[in-house]
Amino acid sequence: MPESKSKGRSSRSRASPAKKTEPKKKRRTSSTTSKKSKEAASRATTTASTPAPSAVLIVDNGGDKLKYGWMTPNADAATTPQYLPNVTARLKHQLTILVGDQVEETAERNPSQMYAITRSTERGIVTHLGNQVQVWKRMLDLLGVVIPPPLLDHGEASKAFGWKVTHRRKQQPQQSQQQQTTQRIPAVSLAVLLLVPPHCPRLVLDQIMHVWMEDFGVSHVGFATSQMCATQPHAKFQTGCLVDVGWSATHVVPTFQNMPQQNAIRRMPLGGRHLVNIWKYYASYRQYNLMDQEWILRDVVRQLAYISLDFQKELQLAQSTLPGRRSFDRNFVLPDYQTTFRGQVELTDFAKYQLEQEEEKRKKKEQEENNAQQQQQEADDESEDDDEDFNDDQPAQEDDNAQKDEVKKMDEDENSPDGEDAEKDRQTSKKTKKKKKSRKKRRGKRKRDQEDDDDDDEEEEEDEDDNKQLLRQRLLRQQQEEERRRRELEAEQQVLSVSVERFTVPEVLFRPSDANLPVELAGLPHLILQSIKACPSFLQPALYRSIHITGGLSQLPNLQPRLEQELRTLIPNELEMKVTLSEHPVDGAWLGARDWIREKPYTQWSVSRDEWEASQKRKAWIKLLTVNGGALV
Ligand SMILES: Nc1ncnc2c1ncn2[C@@H]1O[C@H](COP(=O)(O)OP(=O)(O)OP(=O)(O)O)[C@@H](O)[C@H]1O
């Protein structure tokens, strides 16, 4: 019995779990299948419901400036981007926040009105998302994009602005006339392609996606690497090494057949921003406190900085020559924000004197050359005349003989004894005498009239002379007054003397340790070398052959020859090397993205709102990696 009991129990116990588990399994499988089918159904419905974007907005999210613009399928091939400074600031003693172009406008009027100037990126990566959202919002406003009310209260944009519908309604009448007249585009019918730096943290990408989907309510969002896009316009640039020297960082991206070599990408935290900051310290330590004057220093860097082709030689020249007498010394007249709003470069007195001397020498040389040429020509002409005289001797003698014959003939005619002719001659001589008398009278009268006129003229001339003298005196006084005013203004002018900074500051790109930056930081040539050496060895010769520099700072004079010069000493002689400069250093990435998008449908490079919602939001961007084959992100 116990056995049977036990058996029975055991059988029951064995059977019961089986009985119990089976329906569970069934339930689980059914639930998973139902989930999957639901997801699929929802995806099918959502993909079907996702409207195609009516316009594509490309935004190159630069640390210095946003480059943005529309890319519609039928767009003109010559579409170019617009620029918006990626910066916000506060006005002193006011609550107003200035964004993008407003900051630039105020900076041009008087930058000292602003404080708390904040940039949204560090080393090219968005680090102040709240700040960045404000700049994006400004960009969308300028483009005439209508943003729907925030879907989530806790969105980044809502946090940044405390957005409320009432608040936005209040803002509407303040819109400029230009904005009101431009066509309003709803954000829901918009696809956005954002250009970001390589190796941008996934967390940042996810947050950016969140903001664009949730706060701005666009329908599609895509990402691409700006450096990879910069290679696009160059059809030949399928394999090469792209060097992007920008505002906050320098990137080196080697590519093979338009695919980035991910493990060989290098980033150096050095760019235009650091040059401005270093110059700020130099100027503030030596002359004026310009620590808050970023805009002035940006102008100084743009107008005066250059890369030295022989750094040591120029330093020696600086040591051996007195300040103000060096060939590279310049004056930068700071704006006074009353009469001038932009700094101006001026030559030093010594440089002016040198230029004048050179000009005089040049003129003298030209004069001497002209004189020598004239003398030569005269000598040539004289020799030609001598030859002509020698040849023309005979005909001249013949002419003389003919003239003599004619005179002889006339004498013979006069001497002929003819009575009638003599009478006629007498009459004519009387007439001529009369005529002579009347002529004499007329002449005498004319003389007298002339003398009267001369007296009048003399009086008039005297008056004129007086007037001229008065005028001259007045002009002289005016000139003196102007000169005095100019001197006063000059005395008031604040002049920044610029000397070795012109090439020692940009030299930081080649020797970062000179500017107290970490010693481990490699200069630009070594960075390129490191990057190329990290690529497969069969690729390296092709990469050396095609090094392409882009980015705003690549416009520094002499950057390309200096880089070539330094790289040549580091690369084996048998390897060919070529460094080229981009034709579009600032907006090359935007133009590349435009061309790239033209060939590809938006579904390939973007995630739709429905895809994003269906795939648990956070993982949606992974699609971009798989769909693009990793080419652009
Ligand atoms: N003519 C010029 N000469 C020298 N430097 C220049 C010139 N024009 C612009 N720059 C510098 O180029 C830099 C901006 O370059 P760029 O527009 O490529 O940066 P970005 O793409 O906005 O920033 P990032 O590369 O950090 O994302 C600024 O430092 C600016 O001072």
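So, how was this worked out
- Residues numbered from 1 in each chain as written.
- Predicted model: local features only at pLDDT ≥ 70, side-chain atom pairs only at ≥ 80, totals over all residues.
- Heavy atoms only, no water.
- Helix = DSSP H or I, 4+ residues; strand = E, 2+ residues; numbered from the N terminus.
- Buried < 20%, exposed > 50% of the residue type's maximum accessible area, 1.4 Å probe, protein only.
- Areas by Shrake-Rupley, 256 points an atom, 1.4 Å probe, with all protein chains shown as cover.
- Core = buried A, V, L, I, M, F, W, Y, C linked by side-chain atoms within 4.5 Å.
- Contact = heavy atoms within 4.5 Å.
- Near = heavy atom within 4 Å.
- Polar contact = N/O pair within 3.5 Å; in protein donor to acceptor, adjacent residues only side chain to side chain.
- Nonpolar A, V, L, I, M, F, W, Y, C, P; charged D, E, K, R; others polar.
- Salt bridge = Lys/Arg side-chain N within 4 Å of Asp/Glu carboxyl O.
- Phe/Tyr/Trp six-rings, centres within 6.5 Å; stacked < 30°, edge-to-face > 60°.
- Lys NZ or Arg CZ within 6 Å of the ring centre and 35° of its normal.
- Pairing = 2+ DSSP bridges.
- Axes fitted to C-alpha atoms, helices over the stretch in contact; angles between N-to-C directions.
- Parallel < 35°, antiparallel > 145°, perpendicular 65-115°, else oblique.
- Disulfide = S-S within 2.5 Å.
- Left-handed = near helix turned anticlockwise from the far one by under 90°.

Colleague: I keep staring at the overall build of the chain and nothing clicks. Help me out?
Modeller: When helices and strands are tallied, the chain shows 21 helices and 22 strands. Per-residue burial over the chain gives 38% buried out of 633 residues. Accessible surface computed for the chain: about 39,300 Å², of which carbon and sulfur atoms make up 48%.

Colleague: Just checking my understanding: could you explain the nonpolar core for this structure?
Modeller: Nonpolar side chains tend toward joint burial in soluble globular proteins. Judged by nonpolar contacts, the single largest core of 49 residues is most densely connected at Trp-279, Ile-528, Ile-547 and Leu-567. Ile-528 has contacts with Cys-241, Val-243, Val-252, Ile-547, Leu-563 and Leu-567, leaving out every residue within four places of it along the chain. Core analysis: the next-biggest nonpolar cluster, separate from the first, contains 38 residues, Leu-57, Val-133, Trp-136 and Leu-205 among them.

Colleague: What is the right way to look at helix H15 (residues 524-533) in this model?
Modeller: One turn of an α-helix holds 3.6 residues; hence residues three or four places apart share an orientation. With respect to burial, H15 is a largely interior element, 7 of its 10 residues being buried. Of the surrounding secondary structure, the elements contacted by the buried residues of H15 are strand S13 (240-245), strand S14 (250-256), strand S16 (266-268), helix H16 (540-545), strand S20 (547-550) and helix H17 (559-570).

Colleague: Is there a simple way to explain the site of the ligand in this structure?
Modeller: Around the ligand lies a shell of 16 residues, among which Gly-63, Asp-64, Lys-67, Ser-248 and Gly-552 are the nearest. Contacts to the ligand include Lys-65, whose backbone N or O atom sits 3.2 Å from an oxygen atom. Ser-248 places a polar main-chain atom, nitrogen or oxygen, 2.9 Å from an oxygen atom of the ligand. Summarising the interface, the protein chains cover 88% of the accessible area of the ligand, which totals 650 Å² for the free molecule. A breakdown of the residues in the shell around the ligand according to their chemical character gives 4 nonpolar, 8 polar and 4 charged.

Colleague: It is not clear to me how the pattern of salt bridges should be interpreted in this structure. Could you clarify?
Modeller: Pairs may arise between side chains of opposite charge once their charged atoms sit close together. Under the defined criterion, the tally for this structure stands at 19 salt bridges. Salt-bridge contacts for Arg-119 lead to Asp-64; the nearest nitrogen and oxygen are separated by 3.6 Å. A residue pair is termed long-range when its members are at least 10 positions apart, and Arg-119 in strand S6 (residues 114-119) and Asp-64 in the loop between strand S1 (55-61) and strand S2 (65-70) qualify at 55 residues. The exposure class assigned to Arg-119 is buried, which follows from its relative accessible area of 7%.

Colleague: Can you walk me through the packing of aromatic side chains in this structure?
Modeller: Within a pair of aromatic rings, the relevant descriptors are the distance that separates the centres and the angle that separates the planes. Counted under the stated rule, the structure contains 7 aromatic pairs. With 5.8 Å between their ring centres and 80° between their planes, Phe-311 and Phe-503 make a pair best called edge-to-face. Remark: Phe-503 occurs in helix H14 (residues 501-504) and Phe-311 occurs in helix H11 (residues 311-320); sequence separation between them is 192 residues. Of the two residues examined, Phe-311 and Phe-503, each falls in the buried class. We note Arg-286 situated over the ring of Tyr-282; from NZ or CZ to the ring centre the distance is 5.3 Å. Above the plane of the ring of Phe-510 lies Arg-562, whose end atom (NZ or CZ) is 4.4 Å from the centre.

Colleague: Would you take a moment to explain the sheet that holds strand S17 (residues 330-333) for this structure?
Modeller: Note on sheets: strands pair through backbone hydrogen bonds, and any given pair is parallel or antiparallel. Here 3 strands make up an open sheet; going across it, the order is S18-S17-S19 and the pairing antiparallel. Across the chains shown, the open sheet's two edge strands, defined by having one partner strand only, are strand S18 (344-347) and strand S19 (495-498). The mean angle between the axes of side-by-side strands here comes to 30°, regardless of whether they run parallel or antiparallel. Pairing of S17 with S19 involves 4 bridges; the strand directions are antiparallel. Directly across from Asn-331, in S19, lies its bridge partner Ser-497. Running over the sheet, helix H10 (residues 294-304) touches S17, S18 and S19 and is turned about 145° from S17.

Colleague: What am I meant to see in the pairing of strand S12 (residues 220-225) here?
Modeller: A regular strand carries its side chains on alternate faces of the sheet. Here S12 lies mainly inside the structure; 6 of its 6 residues are buried. Of the two faces of S12, the one lined by His-220, Gly-222 and Ala-224 and the one lined by Val-221, Phe-223 and Thr-225 are each fully buried. As defined by bridge partners, strand S11 (residues 190-196) adjoins S12 across 6 bridges and the pair is classed as parallel. Opposite Leu-195, over in S12, you have Ala-224 as the bridge partner.

Colleague: Looking at this structure, I do not really get the side chain of Thr-88. What am I missing?
Modeller: Within the secondary structure, Thr-88 is located in strand S4 (residues 87-91). If we ignore the near neighbours within four places in the chain, the residues touching Thr-88 are Ile-97, Leu-98, Val-99, Val-103, Ala-116, Ile-117, Thr-118, Asn-131, Gln-134 and Val-135.

Colleague: I tried to follow the environment of Leu-567 on my own but got confused; where do I start?
Modeller: As for its placement among the helices and strands, Leu-567 is situated in helix H17. For Leu-567, a relative accessible area of 0% puts it in the buried group. The spacing of Leu-567 and Val-495 is 72 residues in sequence and 38 Å in space, taken between C-alpha atoms. Once residues lying within four places of it in the same chain are set aside, the contact partners of Leu-567 are Pro-525, Ile-528, Leu-529, Ile-547, Met-577 and Val-579.

Colleague: I would appreciate a short explanation of the packing of helix H9 (residues 272-286) against H10 in the present structure.
Modeller: The relative placement of two packed helices is expressed as an angle between their axes plus a distance between the axes. It is at 9 Å that the axes of H9 and H10 come closest, and there the two elements cross at 105°. Classified by the angle their axes make, H9 and H10 are roughly perpendicular. On H10, the residues touching Leu-275, Val-276, Trp-279 and Lys-280 of H9 are Glu-294, Leu-297, Arg-298, Val-300, Val-301 and Leu-304. Grouping the amino acids of the contact of H9 with H10 by side-chain chemistry returns 7 nonpolar, no polar and 3 charged.

Colleague: Quick question: what am I supposed to make of the state of the cysteines here?
Modeller: Cysteine pairs can be linked by a disulfide, which is a covalent bond between their two sulfur atoms. Scanning the model with the defined rule gives 0 disulfides in all. With no disulfide of its own, Cys-241 has Cys-535 as its nearest cysteine by sulfur position, at a separation of 7.4 Å. Classification of Cys-241 as buried rests on a relative accessible area of 0%.

Colleague: I tried to follow the packing of H15 against H17 on my own but got confused; where do I start?
Modeller: Contact pair H15 / H17: the axes reach a minimum separation of 9 Å and the direction vectors enclose 55°. With respect to their mutual orientation, H15 and H17 come out oblique. When the axes of H15 and H17 are compared, the crossing they make is right-handed. Along its contact with H15, which presents Leu-524, Pro-525, His-526, Ile-528 and Leu-529, the element H17 presents Leu-559, Leu-563, Glu-566, Leu-567 and Leu-570. When its residues are assigned to classes, the contact of H15 with H17 shows 8 nonpolar, 1 polar and 1 charged.

These values are about where atoms sit, not about what they do.
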